[in-house]
Amino acid sequence: MRKLGIAEIEDIALGAALLGAGGGGDPYVGKLVAIGAVKECGPVTLLDPDEVPDDALVVPIAMMGAPTVLSEKAIGGTEYQTLYDTVSTFYGKPIYAFMPIEAGGVNSMLPIAAAARLGLPLVDCDGMGRAFPELQMVTFTIGGGSATPMALVDEKGNSCIFRTITNKWTEELARAVTMSCGGSVSVSLYSMEGAFMKQYAVKGIVTRSQTLGSAIRRVKEVSDCTPEEEFLRITEGIRLFKGKISDVLREVRGGFNFGKVLLTGIGDYKGKSAYVEFQNENLTAAVEGTLLATTPDLICLVDTETFQPVPTDALKYGKRVMVVGLPCFPLWRTKEGLDLVGPRYFGIDTDYIPLEERCKQ
C-alpha cells in the first residue's frame, strides 16, 4: 500500500504511454484529468493485488472510443459517480476499489481520477499489460470472465448498462452506442471479485509504468553508456528501426483510429524504409517489407532525442523516431491469447512469431 500523488502520476503517465504501444489516448490529456482530481481530492492509495480481499468487488474504469476524439470532447466530471452508482446498485454491494483495464495514456489515468474523486483505492494491476483496441481483448476473457454488466456514460449524462451473451457482443453493441455519443464515453466493465483478479490480472502494471516513466526522464543522466543503450536496457526492448516519418495515413472508422506510418531510415538505417500499421495501437512493424514484430508484442515509437513515447495520434511528417519492440505478457502467447489478439484476428496474413525470434531471422 502506498500513495499516488502528482509526481507519481507524471511518471505513470509517461511509462504507460510507452506500454500503450501507440494507443490508449493522449497521455497529456489523461494526466491533466488525474492531476486535477488529485489536487482537488488528495492522493490515491495504491494496493497490491494480494491486499484485496477475495470477495471484494473490484471494477475497472476506462474510456472507450477513438482517442483523438477525447482532446476535443472532454470528460464532464460526474461520470465516475454515475458508473459507481450503476455498478454497486446492480451487485447490491459497494465497490471496494478501482483498477485500470489497460496501460495507455488515458486509460492508465482515468482510474486514478475516479479513485481520487470517490475516495477509493486503486489496485496495481490491469487486464492487458499494454493497450488493445477492443474491449474483449483482456486476460479476464481468457479466464472466462464476463465484460458485463457493463455501465456506459457520456459527458452529457446519458447512461446505460449492457448484459450480453459474449464479450465480443459487448464490444459490438457498446461500440455502436459510443459512436452515437460522439465517439468517446466512460465505461466500467469486467467487474470481478478479488480472487478472480488475483488469478488473471497482469500484476504490478502501475508500478512498472511508474518505474519506466521515471527511468525515461533520467535516461540522459547515465555515464557508462549512451542514452539509447540505457533506454533499451531499462525497457528490455529491441530496436527495430530508426527513421524520419515520411508520411502518415490515418482515418477514424467505426470508433477506431486506423492508419499506417511510413519511415525513411536515418543513421545505421539510411537507405532503408519501414512502416508501422495501427488500429488505435501499433499492430505490425516491417523493415524493407519484412515483418519484424506483430501484435500481441508491443511496438512502440519513441522520439530519437528524448525517448518520449509517440502515440499514433501524435505522428506527423518529419518527426524522427525509433521503433522499439517489447515482449508481451506471456498469457498472450498462448493459443487462447492469440485467438483474441494475434495478427490473424486483425486481418494480418501471418502466424504469430515472438518478437525475439523474428529479429534473429
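In short, a report on the structure. (Residues numbered from 1 in each chain as written. Predicted model: local features only at pLDDT ≥ 70, side-chain atom pairs only at ≥ 80, totals over all residues. Heavy atoms only, no water.)

**Concerning helix H5 (residues 110-118)**
For an α-helix, 3.6 residues make a turn, and residues three or four places apart therefore share a direction.
Move 1: Of all nine residues that make up H5, seven are buried, and the element is covered over most of its length.
Move 2: Residues of H5 that are buried include every one of Leu-110, Pro-111, Ile-112, Ala-113, Ala-114, Ala-115 and Ala-116, and no others.
Move 3: Two residues or fewer after H5 comes Gly-119, characterised by a positive phi angle close to 70°. (Buried < 20%, exposed > 50% of the residue type's maximum accessible area, 1.4 Å probe, protein only. Helix = DSSP H or I, 4+ residues; strand = E, 2+ residues; numbered from the N terminus.)

**Quick word on the pairing of strand S15 (residues 281-287)**
Move 1: Where burial is concerned, most of S15 is hidden: seven out of the seven residues are buried.
Move 2: Bridge count for strand S14 (residues 273-279) against S15 is six bridges, and the pairing is antiparallel. Bridge pairing in S15 places Tyr-275 opposite Ala-286.
Move 3: Counted between consecutive antiparallel strands, the loop separating S14 from S15 contains one residue, among which Asn-280 sits at a positive phi close to 65°.
Move 4: The pairing of S15 with strand S16 (residues 290-294) spans four bridges and is antiparallel. Counted as the bridge partner of Ala-285 is Ala-293 from S16.
Move 5: What sits between the antiparallel neighbours S15 and S16 is a turn of two residues, in which Glu-288 has the positive phi angle 55°. (Pairing = 2+ DSSP bridges.)

**Points about the sheet that holds S16**
Move 1: Pairing in this open sheet of seven strands is antiparallel, and the strands run S16-S15-S14-S13-S12-S18-S17 from one edge to the other. Two strands bound the open sheet, and with one partner strand each, they are S16 and strand S17 (298-303). Across this sheet, the average inter-strand angle for adjacent strands is 35°, counted without regard to direction.
Move 2: Against the sheet, helix H10 (residues 227-235) engages strand S12 (238-253), S17 and strand S18 (320-326), with an angle of about 30° to S18. (Axes fitted to C-alpha atoms, helices over the stretch in contact; angles between N-to-C directions. Contact = heavy atoms within 4.5 Å.)

**Observations regarding the packing of helix H9 (residues 205-217) against H10**
Move 1: Between H9 and H10, the least distance of the axes is 10 Å, while the angle of their chain directions is 170°. Put simply, H9 runs roughly antiparallel to H10. Within the contact between the two elements, H9 uses Arg-208, Leu-212, Ala-215 and Ile-216 and H10 uses Phe-231, Ile-234 and Thr-235.
Move 2: Within the contact of H9 with H10, the residues separate by chemical class into five nonpolar, one polar and one charged. (Parallel < 35°, antiparallel > 145°, perpendicular 65-115°, else oblique. Nonpolar A, V, L, I, M, F, W, Y, C, P; charged D, E, K, R; others polar.)

**Focus on the nonpolar core**
Within soluble globular proteins, side chains that are nonpolar generally end up buried alongside one another.
Move 1: Within the largest apolar cluster, 90 residues are counted, with the highest numbers of intra-cluster contacts made by Phe-98, Ile-112, Met-150, Tyr-190, Met-197 and Phe-231.
Move 2: If one sorts the elements of this core by residue count, strand S3 (residues 57-65) sits on top with seven residues.
Move 3: When residues no more than four places from it in sequence are discounted, the contact partners of Met-197 are Pro-49, Val-52, Val-58, Met-99, Val-123, Cys-125 and Met-192.
Move 4: Core analysis: the second largest hydrophobic core is formed by 21 residues, Val-261, Leu-263, Ala-293 and Leu-301 among them. (Core = buried A, V, L, I, M, F, W, Y, C linked by side-chain atoms within 4.5 Å.)

**Digging into the packing of aromatic side chains**
Move 1: As enumerated under the stated definition, the model contains eight aromatic pairs in all.
Move 2: Here the aromatic rings of Phe-140 and Tyr-190 are separated by 6.0 Å at their centres, their planes lie at 45°, and the arrangement is tilted. Here Phe-140 is found in helix H6 (residues 139-142), whereas its partner Tyr-190 is found in the loop between strand S9 (184-188) and strand S10 (192-193), with 50 residues between them in sequence. The exposure classification of Phe-140 matches that of Tyr-190, with both residues buried.
Move 3: Cluster of aromatic residues (ring-pair linked, three or more members): Phe-140, Tyr-190, Phe-196 and Tyr-200.
Move 4: It is Arg-130 that lies over the ring of Phe-132; its NZ or CZ is 4.1 Å from the centre. (Phe/Tyr/Trp six-rings, centres within 6.5 Å; stacked < 30°, edge-to-face > 60°. Lys NZ or Arg CZ within 6 Å of the ring centre and 35° of its normal.)

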